[in-house]
Each structure stands twice: as structure tokens, then as C-alpha cells.
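Structural description and commentary
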Amino acid sequence: MSDTTNIPAERIAELTREPIAIVPYDERWPALYTEEEGRLVRSLPLDVVKRITHIGSTAVPGLSAKPIIDIQVEVTSLDRVRREVVPIMKDLAYEFIWRPTMGERAPYYAWFILRNEAGQRTVHVHMVEHDQATTDRLLFRDHLRAHPEVAQAYEALKHSLVTAHPADRAAYTHAKTPFIAEVLQRARAEHPPLS
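The rules behind the values
- Residues numbered from 1 in each chain as written.
- Predicted model: local features only at pLDDT ≥ 70, side-chain atom pairs only at ≥ 80, totals over all residues.
- Heavy atoms only, no water.
- Buried < 20%, exposed > 50% of the residue type's maximum accessible area, 1.4 Å probe, protein only.
- Helix = DSSP H or I, 4+ residues; strand = E, 2+ residues; numbered from the N terminus.
- Pairing = 2+ DSSP bridges.
- Phe/Tyr/Trp six-rings, centres within 6.5 Å; stacked < 30°, edge-to-face > 60°.
- Lys NZ or Arg CZ within 6 Å of the ring centre and 35° of its normal.
- Axes fitted to C-alpha atoms, helices over the stretch in contact; angles between N-to-C directions.
- Parallel < 35°, antiparallel > 145°, perpendicular 65-115°, else oblique.
- Contact = heavy atoms within 4.5 Å.
- Nonpolar A, V, L, I, M, F, W, Y, C, P; charged D, E, K, R; others polar.
- Salt bridge = Lys/Arg side-chain N within 4 Å of Asp/Glu carboxyl O.
- Core = buried A, V, L, I, M, F, W, Y, C linked by side-chain atoms within 4.5 Å.

1. Quick word on the pairing of strand β1 (residues 49-55)
Judged by how many residues are buried, β1 sits mostly within the fold: 5 of 7 residues are covered. Across 6 bridges, the pairing between β1 and strand β2 (residues 69-75) is antiparallel. Bridge assignment links I52 to a residue of β2, and that residue is V73.

See below:
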């Protein structure tokens, strides 16, 4: 599937330059996730949606994070997302980006950004077809939940990276990759896939 949404390069550059803030864990994050999950369930075609899950640092109790609720929505068809779901999400005030999954190349997925009245990001919805990356996001989250010492190391890394890259989201994310890969390797060793 090619990128036919023609998001201007300037818009992508603006998104990557938005300031990054890491804040202490907020006890309201699970409730905010549940509220947005409910809104998605009520709004989206249920035959397209396979599973909705809370991912990212806001899904790990006690972990400091960017104050943005990350939601992974596994879907049956990204073609249907583009045809049927994008207009619904735009009606829910989400901005739509057809985003590369890995760096700056295919495969792509549907990424939606919701903002508050001040223009700050509050929710990211990642609509994806099931693949290894969808499994890895949940495995990483669950490993951090089960290993507070790993979560603390991740938190320390994020604080150092936000100091180094306060308005470069791409560099911030890229610099986390080796840590995430190492954690995933350990998590897979602890929980090998069922054959």
C-alpha cells in the first residue's frame, strides 16, 4: 500500500519538533485510557477492530512518561481503516498521519493524534494490523510492569534523553531503541512464544 495521503513534509517536520515533556506518573492515566477506549468502541466499526490496548509508558504504573495516552488498535484491514475509519477519527477531532512503522520506510500504519484545547497532545492511537511489533509493544509494557527496576532504568534513560533532545522527537525515540531491544530480548527469553 503506498502513501497516498500526501501529508506535507513541513507538517511531519513540525510534529517531530514539538517539545517533549516527561512528567511523573499520573494516577488518572488508566481512567483516561478507559474513557478513550470506550469512545473508540462506540465509534468504530467493530468488525474492523480486533483488540484495543493501552501501551507505552502511561500503561506502566508508577512510570514517568510523556503525558500522552498511547492506544494500540489492532485492525483486520488497514485498507478499511483508510476508507472507513479515518473520517470517523477526524470527526472525533483526531489528526491522521499515514506513518512508517520502522524509521522512515514501509510498512505504514494509521496514526492519530488527539490534542487538548491548548494544542498539547493527549492521545496517540496507533492502528495496526497484527505483526511482531504489535506483540512486542505489549511484551515490553508487561515486562516493565513486572520488573520495577527495569522500569526505573527506562525512566532514567528517558529523563536523560529529553535533556539531550528536548524538541527532537525522532532523535529521542531513536536513542531509546537499543534499550528497548535489550529489554525485549530478555522478555522473550523469560516468556518464549508458544509453539
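2. Considering the packing of aromatic side chains
Tallied over the full model, the rule gives 6 aromatic pairs. Between the aromatic rings of Y25 and W29, the centroid separation amounts to 5.3 Å while the plane-to-plane angle is 85 degrees, which identifies the pairing as edge-to-face. The class for W29 is buried, based on a relative accessible area of 4%. Ring centres of F140 and Y154 lie 5.2 Å apart, and the angle between their planes is 85 degrees; on these two criteria the pair is classed as edge-to-face. Taken together, the positions of F140 in helix α4 (residues 132-146) and Y154 in helix α5 (residues 148-164) put the pair 14 residues apart, joining distant regions of the chain. For the pair formed by F140 and Y154, the shared burial category is buried. Three or more aromatic residues joined by ring pairs form one cluster here, namely Y94, F96, W98 and F112. Sitting above the plane of the W98 ring, R82 keeps its charged end 4.2 Å from the centroid.

3. With respect to the packing of α4 against helix α6 (residues 169-190)
Interhelical geometry of α4 versus α6 gives an angle of 85 degrees and a closest axis separation of 9 Å. Accordingly, the angle class assigned to the pair α4 and α6 is roughly perpendicular. In this structure, α4 contributes Q132, D136, L139, F140 and H143 to the contact, and α6 contributes I180, V183, L184, A187, R188 and E190. Considered class by class, the residues forming the contact of α4 with α6 number 6 nonpolar, 2 polar and 3 charged.

4. Some words on the environment of V162
Along the chain, the position of V162 falls in helix α5. For the pair V162 and L15, spaced 147 residues apart in the sequence, the C-alpha separation amounts to 16 Å. Apart from the residues within four sequence positions on either side, V162 is in contact with I20, A21, I22 and Y172.

5. Let's talk about the pattern of salt bridges
This model, assessed by the stated rule, comprises 14 salt bridges. E18 is paired through a salt bridge with R115; the nearest N and O atoms lie 2.7 Å apart. With E18 in the loop between α1 (9-17) and α2 (29-43) and R115 in strand β4 (residues 105-115), this pair connects stretches of sequence that are 97 residues apart. What makes E18 buried here is its relative accessible area of 15%. For R115, a relative accessible area of 25% puts it in the partly exposed group. The partner of D47 in a salt bridge is R80, with the nearest N and O atoms 2.9 Å apart. Of this pair, D47 sits in the loop between α2 and β1 while R80 sits in helix α3 (residues 78-91), and the two are 33 residues apart along the sequence. In the salt-bridge network here, residues are joined through shared partners; they are D47, R80, R83 and E84.

6. A few points about the nonpolar core
The tendency in soluble globular proteins is for nonpolar side chains to be buried as a group. Of all hydrophobic cores here, the largest spans 28 residues; its most connected members are I71, V73, V81, M89, F112, V125 and M127. When contributions to this core are tallied by element, the ones reaching two or more residues are α2, β1, β2, α3, β3 (95-102), β4 and β5 (121-129). Looking at which element gives the most residues to this core, the answer is α3, with 5 residues. Setting aside residues no more than four positions away along its own chain, M127 makes contact with L44, V73, V75, L78, V81, V85, M89, Y109, A110 and F112. Grouped together as the second largest cluster of nonpolar side chains are 12 residues, L139, F179, V183 and A187 included.

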